[in-house]
Amino acid sequence: RFVGPPLVDSFKEFYGFDEKKAEEGVRLYREYYAVKGIFENKVYPGIREMLIRLKDAGLTLAVATSKPEPFAIQILEHFDLLSYFILVGGADMEEIRVRKGDVIAYTLDRLGTTPEESKVIMVGDRKHDIIGAHENQLPCAAVLYGYGSREEFTENGADYQIETVEELGDFLMKWGEV
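What counts and what doesn't
Within each chain, residues carry numbers counting from 1 in the order of the written sequence. With pLDDT at 70 or above as the cut-off, local features in this predicted model cover only qualifying residues; side-chain atom pairs require 80 or more to be listed or tallied, and sums for whole chains, interfaces and linings still use all residues. The basis for every side-chain value is the complete set of heavy atoms in the structure, and neither hydrogens nor water enter the calculation. Helix and strand assignments follow DSSP, with helices taken as H or I runs no shorter than four residues and strands as E runs no shorter than two, numbered in order from the N terminus. Radius of gyration here uses only the C-alpha atoms, and the compact-globule reference equals 2.2 Å multiplied by the residue count raised to the power 0.38. Contact definition: two residues touch when any of their heavy atoms are within 4.5 Å. Here the Shrake-Rupley method, with its probe set to 1.4 Å, supplies the accessible areas, and only the displayed protein chains count as covering residues. Under the counting rule used here, the positive set is Lys and Arg, the negative set is Asp and Glu, and His together with the chain ends is not counted. Charge placement uses NZ in Lys and CZ in Arg. For Asp and Glu, CG and CD serve respectively. To define a nonpolar core, start from buried Ala, Val, Leu, Ile, Met, Phe, Trp, Tyr and Cys residues and group those joined through side-chain atoms within 4.5 Å. Residue burial is assigned from relative accessible area. The probe radius is 1.4 Å, only protein chains are included, and a residue is buried under 20% of its type maximum, exposed over 50%, and partly exposed in between. Between any two strands, pairing holds if DSSP finds at least two bridges. Helix axes are fitted only over the stretch in contact, all axes being lines through C-alpha atoms; the angle between N-to-C directions runs from 0 to 180 degrees. Under this definition, polar contacts are N or O atom pairs within 3.5 Å; protein pairs additionally need one hydrogen-donor-capable and one acceptor-capable atom, and for neighbouring residues in sequence, both atoms have to be side-chain atoms. Salt bridges are defined by distance alone: a side-chain nitrogen of Lys or Arg within 4 Å of a carboxyl oxygen of Asp or Glu. The handedness rule is simple: strands pointing away from the viewer, and a clockwise path from the first strand over the helix to the second, make the crossover right-handed. Pairing of aromatic side chains requires ring centres within 6.5 Å, counting the rings of Phe and Tyr and the six-membered ring of Trp. Pairs whose planes differ by under 30 degrees are stacked, by over 60 edge-to-face, and all others tilted. In this analysis the charged atom, NZ for Lys or CZ for Arg, is taken to sit over a ring once it is within 6 Å of the ring centre and within 35 degrees of the ring normal.

So, the overall build of the protein chain
At step 1: On a plain count of helices and strands, the protein chain comes out with 8 helices and 5 strands.
At step 2: Moving toward the C terminus, one meets the helices and strands of the protein chain in the order α-α-α-β-α-β-α-β-α-β-α-β-α.
At step 3: Taken against the 2.2 N^0.38 rule, which gives 16 Å for 178 residues, the C-alpha radius of gyration of the protein chain at 16 Å falls within 12% of a compact globule.
At step 4: Expressed as lengths along the three principal axes of its C-alpha atoms, the size of the protein chain is roughly 50 × 35 × 30 Å.
At step 5: The long-range share in the protein chain, meaning contacts at least 24 apart out of those at least 6 apart in sequence, stands at 50%.
At step 6: Surface summary for the protein chain: the accessible area is close to 10,100 Å², and the carbon and sulfur share equals 52%.
At step 7: Each charge class in the protein chain was averaged separately, 21 positive and 32 negative side chains, and the resulting centres sit 4 Å apart.

Considering the nonpolar core
At step 1: Within the largest apolar cluster, 26 residues are counted, with the highest numbers of intra-cluster contacts made by Met50, Leu51, Phe85 and Phe171.
At step 2: Elements supplying a minimum of two residues to this core: helix H3 (47–56), helix H4 (69–78), strand E4 (140–143) and helix H8 (165–175).
At step 3: In this structure, phenylalanine 85 is in contact with Leu51, Leu61, Ala62, Val63 and Leu76, ignoring residues within four places of it in sequence.
At step 4: Within the second largest apolar cluster, 12 residues are counted, among which are Met122, Ala133, Ala142 and Phe153.

Here's the deal with the sheet that holds strand E5 (residues 160–162)
At step 1: One open sheet holds the 3 strands; their spatial order is E3-E4-E5, and the pairing between them is parallel. One side of each edge strand has no neighbouring strand; the edge strands of this open sheet are strand E3 (122–124) and E5. Averaged over all adjacent pairs, the angle separating strand axes in this sheet is 25°, with direction ignored.
At step 2: The strands that helix H6 (residues 127–135) touches are E3 and E4; relative to E4, the one it contacts most, it runs at about 175°.

Section: the side chain of lysine 100
At step 1: For lysine 100, the position within the fold is in helix H5 (residues 100–111).
At step 2: Classification of lysine 100 as buried rests on a relative accessible area of 11%.
At step 3: Of the polar contacts made by the side chain of lysine 100, one reaches the backbone oxygen of alanine 64; its length is 3.2 Å.
At step 4: Setting aside chain neighbours within four positions, we find lysine 100 in contact with Ala64, Thr65, Ser66, Met122, His128, Asp129 and Gly132.

Comments concerning the pattern of salt bridges
At step 1: Tallying each qualifying case throughout the model produces 9 salt bridges.
At step 2: A salt bridge links glutamate 24 to arginine 27, with the shortest nitrogen-to-oxygen separation between them at 2.7 Å. Residue glutamate 24 and its partner arginine 27 are both found in helix H2 (residues 19–35); the two are separated by 3 residues, about one turn of the helix.
At step 3: Glutamate 24 gets classed as partly exposed once you look at its relative accessible area, which sits at 35%.
At step 4: Arginine 97 serves as the salt-bridge partner of glutamate 69, at 3.9 Å between the closest nitrogen and oxygen. Note that glutamate 69 is positioned in helix H4 and arginine 97 in the loop between strand E2 (87–91) and H5, a separation of 28 residues in sequence. Both residues of the pair, glutamate 69 and arginine 97, belong to the buried class.
At step 5: One salt-bridge network, held together by shared partners, links Glu24, Arg27 and Glu31.

Some details on the pairing of strand E1 (residues 62–68)
A regular strand places its side chains so that they alternate between the two faces of the sheet.
At step 1: Of all 7 residues making up E1, 5 are buried, and the element is well covered by its neighbours.
At step 2: Pairing between E1 and E2: 4 bridges, direction parallel. Looking at the pairing, valine 63 lines up with valine 88 of E2.
At step 3: With respect to chirality, the unit in which E1 leads through H4 into the neighbouring parallel E2 is right-handed.

A short note on the packing of aromatic side chains
At step 1: Following the criterion strictly, the structure yields 7 aromatic pairs and no others.
At step 2: The interplanar angle of 75° and the centroid separation of 5.1 Å between the aromatic rings of tyrosine 44 and tyrosine 145 together place this pair among those described as edge-to-face. Within this pair, whereas tyrosine 44 is found in the loop between H2 and H3, its partner tyrosine 145 is found in the loop between E4 and helix H7 (150–155), the two being separated by 101 residues in sequence.
At step 3: Owing to a relative accessible area of 33%, tyrosine 44 belongs among the partly exposed residues under this scheme.
At step 4: By way of ring pairs, the aromatic residues Phe11, Tyr15 and Phe17 are connected into one cluster.
At step 5: The ring of tyrosine 106 carries the charged tip of arginine 97 above its face, separated from the ring centre by 3.5 Å.
At step 6: The lysine or arginine in question, lysine 119, covers the ring of tryptophan 175, its NZ or CZ lying 5.3 Å from the ring centre.

Printed below as a string of structure tokens:
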């Protein structure tokens, strides 16, 4: 349940914390995450091969994540995935840029593009990805091999629902065709 929304919001919603206690929860979480939790991630099977295929085809790949940007970069480096992305846009540590729509806008700005200028699509696995994409006039491909469900994606208006990593690779190859 914590994957997707800003941590402060999750602590408030799921534990009933007030603002001060939620901020303390984020501080303690990050203290653990920075030294141990960051390496408890796993790469979905087939992701590396898909990224190689997309990059070799000339597609521009970027990350827009609600994880703090330094953590996202460190995770991608740890799993030897950073080189596939031209840019990593993430949340800031001050908890100002944490909502997915803001992170996507920040990432698009850093890429120097807009949805009108480029063929951009958001790929995500939670409703926050769909909502953030639509706030930025982007379509969203929701992947069912992640944390979200078909029901969550349908309720939040995902433009596409993708079953597998292989299907995502094929979809993005077609999406990237001029």
